[in-house]
Amino acid sequence: MSKEDKIYVAGHAGLVGAAIVRKLQSQGFMNVVMRTHKELDLTRQQDVEVFFLQEKPLFVIVAAAKVGGIYANDTYPADFIGINLQIQTNVIDAAHKSGVKKLLFLGSSCIYPKFAPQPIKEESLLTGPLEPTNEWYAIAKIAGIKMCQAYRLQYSWDAISGMPTNLYGPHDNFHPENSHVLPALIRRFHEAKVSGLMEVVVWGTGSPLREFLHVDDLADAVLFLMLHYSEISHINVGSGKEVTIKELAELVKEVVGYEGQLTWDLSKPDGTPRKLMDNSKLESAGWHAKIPLREGLIDTYKWYVENYGK
């Protein structure tokens with residue numbers, strides 16, 4: 001992949017896509033193709049095929065997806081399976097037909113069974129039942145992995161898949177109902193600080209362990225994989241660092257500068273006790289996460305205040 005090659009980043013406006021574009025451009029890749037949803041609806045097969053025939057990118061990174069937290073997955077299951085299947089099927093197939101040299105499909109750690117042994121290895125895929133609250137999204141992402149593998153087997157086409165852990169950073173979704181735990185905590189502590197609330201209540205005991213990766217680290221890993229990885233197996237992309245939800249909440253509270261009380265609602269569920277990816281495969285290939293959680297939170301909160309927090 002040379003600096004002059006045309007690279008299409010599907011989903012460039014989202015959390016992941018925006019970080020990938022920033023990374024590519026900072027490394028001198030200036031021929032990056034982008035389309036907004038208004039310019040190109042990736043659920044429309046014919047429009048996607050026309051785009052690929054006209055633009056003829058040599059490399060493709062699929063970061064476009066319908067995403068959301070537990071509430072969104074539970075409320076809109078048809079959207080989460082249908083839209084994601086349409087996007088990835090249209091992009092992968094049109095990319096292959098138009099002569100793309102290499103494609104990277106990005107999934108999610110939710111592809112793994114709910115009770116997969118920890119830390120979760122790539123081999124755990126399809127060894128048990130999924131977490132019911134996001135199985136619609138997970139099934140779509142598993143189909144994307146299998147589609148890349150099938151095209152590699154049938155056409156000897158260089159399609160690879162990366163599975164990131166929980167992501168955070170600039171351009172995240174801070175919606176009060178549809179966001180993930182980390183942006184939701186940032187928003188709640190900020191709004192409590194601004195409005196002078198004396199208490200912020202968080203669900204559960206705070207004991208579950210979670211792994212978080214700054215989206216700029218993921219973008220760095222994406223470039224690494226495009227340059228150095230070409231195997232049929234999907235590959236995990238994580239930080240390898242765990243933090244309890246309690247430690248996370250206290251760190252967010254500190255970064256935001258909220259001085260009120262943090263209270264835990266023990267009547268509410270905790271969710272999965274531990275969720276950590278095994279990143280040994282990627283680390284042995286030579287890639288490691290670099291951004292510490294505190295530093296990443298400061299960066300993310302600064303972006304939130306500049307864009308949402310006024």
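Calculation rules
Residues numbered from 1 in each chain as written. Predicted model: local features only at pLDDT ≥ 70, side-chain atom pairs only at ≥ 80, totals over all residues. Heavy atoms only, no water. Helix = DSSP H or I, 4+ residues; strand = E, 2+ residues; numbered from the N terminus. Rg over C-alpha atoms; globule rule 2.2 N^0.38 Å. Buried < 20%, exposed > 50% of the residue type's maximum accessible area, 1.4 Å probe, protein only. Contact = heavy atoms within 4.5 Å. Areas by Shrake-Rupley, 256 points an atom, 1.4 Å probe, with all protein chains shown as cover. Lys, Arg positive; Asp, Glu negative; His and termini not counted. Charge placed at Lys NZ, Arg CZ, Asp CG, Glu CD. UniProt positions renumbered as here; feature names shortened; annotations may be inferred. Expected span 1.5 Å × (residues − 1). Arc of directions from axis to C-beta. Pairing = 2+ DSSP bridges. Axes fitted to C-alpha atoms, helices over the stretch in contact; angles between N-to-C directions. Core = buried A, V, L, I, M, F, W, Y, C linked by side-chain atoms within 4.5 Å. Salt bridge = Lys/Arg side-chain N within 4 Å of Asp/Glu carboxyl O.

A separate point is the overall build of the chain. Summing up its helical and strand segments, the chain has 10 helices and 12 strands in all. A compact globule built from 310 residues should have a C-alpha radius of gyration of about 19 Å, and the chain, at 19 Å, falls within 12% of that. With the C-alpha coordinates of the chain rotated into their principal frame, the extents come out at 60 × 40 × 40 Å. The buried share of the chain, reckoned over its 310 residues, is 50%. A sequence separation of at least 24 residues applies to 81% of the contacts in the chain between residues at least 6 apart. Approximately 14,400 Å² of the chain is accessible, and the part contributed by carbon and sulfur atoms is 54%. Side chains of the chain carry 32 positive and 36 negative charges; the gap between the two charge centres is 3 Å.

Following the UniProt record, the feature "domain: NAD-dependent epimerase/dehydratase" (unreviewed entry) maps to residues 7–238 here. Helix makes up 43% of residues 7–238 and strand makes up 17%, while its end C-alpha atoms are separated by 24 Å.

Attention now goes to helix 10 (residues 293–307). Helix length check: helix 10, at 15 residues, gives a terminal C-alpha distance of 21 Å against a target of 21 Å (1.5 Å per residue), a fit within 8%. Buried within helix 10 are the following residues: G296, L297, T300, Y301, W303 and Y304. Projected onto a plane normal to the axis of helix 10, the buried residues spread over an arc of 160 degrees and lie on a single side. Those residues of helix 10 that are buried are in contact with strand 6 (166–168), helix 6 (181–195), strand 8 (209–214) and helix 8 (245–256).

A separate point is the sheet that holds strand 3 (residues 59–62). In space, the six strands of this open sheet follow the order 2-1-3-4-5-9, with parallel pairing throughout. Only two strands of the sheet have a single partner each, and these edge strands are strand 2 (32–33) and strand 9 (235–237). Relative to strand 4 (residues 102–106), strand 3 runs parallel, the two being bridged by four bridges. Of the residues in strand 4, the one forming a bridge with I61 is L104. Contacts from helix 5 (residues 135–155) reach strand 4 and strand 5 (158–164), with the element oriented near 155 degrees to strand 5.

This part covers the nonpolar core. One finds Y8, L42, F52, V60, L103, F105 and W157 to be the most contacted residues of the largest nonpolar core, which totals 39 residues. Secondary-structure elements contributing two or more residues to this core are strand 1 (7–10), helix 2 (45–55), strand 3, helix 4 (77–97), strand 4, helix 5 and strand 5. Among the elements that line this core, the one with the most residues is helix 5, at seven residues. Residues contacting W157, with those up to four places away along its chain left out, are I92, A95, H96, V100, K101, L103, Y151 and R152. Judged by nonpolar contacts, the second largest core, of 32 residues, contains V16, I20, V21 and I61.

With that settled, the discussion passes to the side chain of N90. Within the secondary structure, N90 sits in helix 4. The exposure class of N90 is buried, given its relative accessible area of 9%. The contacts of N90, once residues within four sequence positions are left out, are L42, T43, R44, Q45 and V48.

What follows deals with the pattern of salt bridges. Applying the stated rule across the entire model yields 19 salt bridges. In this structure, K97 and E49 form a salt bridge, with 3.8 Å as the shortest nitrogen-oxygen distance. In this pair, K97 sits in helix 4 while E49 sits in helix 2, placing the two residues 48 residues apart along the sequence. The exposure class assigned to K97 is exposed, which follows from its relative accessible area of 57%. For E49, a relative accessible area of 26% gives the class partly exposed. The salt bridge partner of K97 is D93, with a shortest N-O separation of 2.9 Å. Residue K97 and its partner D93 are located together in helix 4, separated by four residues, close to a single helical turn. It is possible to trace a salt-bridge network through shared partners that takes in K6, R35 and E55.

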